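Breakdown of the fold
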Amino acid sequence: MPRTARVVTWNGKDVPTELRELPAGRYVVEAIDDAAPVLSPEEEAGIETALESYRQGRVVDARHARHIIDTALGR
């Protein structure tokens, strides 16, 4: 069975329809925060740099990107 996420709003009492529709099994339920995470100025700048690079057509395929990330993480 493929894993698919479902976002539900729960009143703390009744079982939401989204959960009743799921087949029997084990599930992980985790609260999410609606607020976007606060990024540091360095993180914001990194995202802007990446977006600008993308806009200029400087992109790499997924395999190369994975290699870059693995190398940076010492894998």
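Above this text sits the structure in question.
A short tour of the structure in this document, coming up.

Reading guide: rules and limits
Residues numbered from 1 in each chain as written. Predicted model: local features only at pLDDT ≥ 70, side-chain atom pairs only at ≥ 80, totals over all residues. Heavy atoms only, no water. Helix = DSSP H or I, 4+ residues; strand = E, 2+ residues; numbered from the N terminus. Rg over C-alpha atoms; globule rule 2.2 N^0.38 Å. Buried < 20%, exposed > 50% of the residue type's maximum accessible area, 1.4 Å probe, protein only. Areas by Shrake-Rupley, 256 points an atom, 1.4 Å probe, with all protein chains shown as cover. Lys, Arg positive; Asp, Glu negative; His and termini not counted. Charge placed at Lys NZ, Arg CZ, Asp CG, Glu CD. Patch = residues over 30% accessible without salt bridge, like charges linked within 9 Å, V, L, I, M, F, W, Y side chains within 5 Å. Salt bridge = Lys/Arg side-chain N within 4 Å of Asp/Glu carboxyl O. Expected span 1.5 Å × (residues − 1). Contact = heavy atoms within 4.5 Å.

A few words on the overall build of the chain. Along its length, the chain carries three helices and zero strands. When the helices and strands of the chain are placed in sequence order, the string is α-α-α. Taking 2.2 N^0.38 as the reference for a compact globule, 75 residues should give roughly 11 Å; the C-alpha atoms of the chain span a radius of gyration of 20 Å, well beyond that estimate. Structurally, the chain occupies a C-alpha span of about 50 × 30 × 25 Å along its principal axes. Among the 75 residues that make up the chain, the fraction classed as buried is 3%. Carbon and sulfur atoms form 56% of the exposed surface of the chain, whose accessible area is close to 7,500 Å². Averaged over its 10 positive side-chain charges, the chain has a centre that lies 10 Å from the centre of its 13 negative ones.

Let's shift gears to a nonpolar patch on the surface. Among the surface-exposed residues, Leu 39, Ile 47 and Leu 51 lie close enough to one another that they form a single nonpolar patch of about 220 Å² accessible area. Along the chain, the position of Leu 39 falls in the loop between helix H1 (17-20) and helix H2 (41-55). Under the relative-accessibility criterion, Leu 39 is labelled partly exposed at 32%.

There is a patch of like negative charges on the surface, built from Glu 42, Glu 43, Glu 44 and Glu 48. Residue placement: Glu 44 occurs in helix H2.

Moving on to the pattern of salt bridges. Counted under the stated rule, the structure contains three salt bridges. The residue Glu 52 makes a salt bridge to Arg 55 at a minimum N-O spacing of 3.5 Å. Here Glu 52 and its partner Arg 55 are both found in helix H2, three residues apart, which amounts to about one turn of the helix. We classify Glu 52 as partly exposed; its relative accessible area is 35%. For Arg 75, the salt bridge identified is with Asp 70, shortest N-O distance 3.2 Å. In the salt-bridge network here, residues are joined through shared partners; they are Arg 66, Asp 70 and Arg 75.

With that settled, consider H2. Between its terminal C-alpha atoms H2 stretches 21 Å, which fits the 21 Å expected from 15 residues at 1.5 Å a residue. Gly 57 occupies a position one or two residues after H2 and carries a positive phi of about 85°.

Turning to its location among the elements, Arg 63 is positioned in helix H3 (residues 62-72). For the pair Arg 63 and Val 29, spaced 34 residues apart in the sequence, the C-alpha separation amounts to 32 Å.

Next up on the list: the environment of Val 8. Looking at the secondary structure, you find Val 8 in the segment before H1. Ignoring anything within four residues of it in the chain, the contact list for Val 8 reads Pro 16 and Glu 18.

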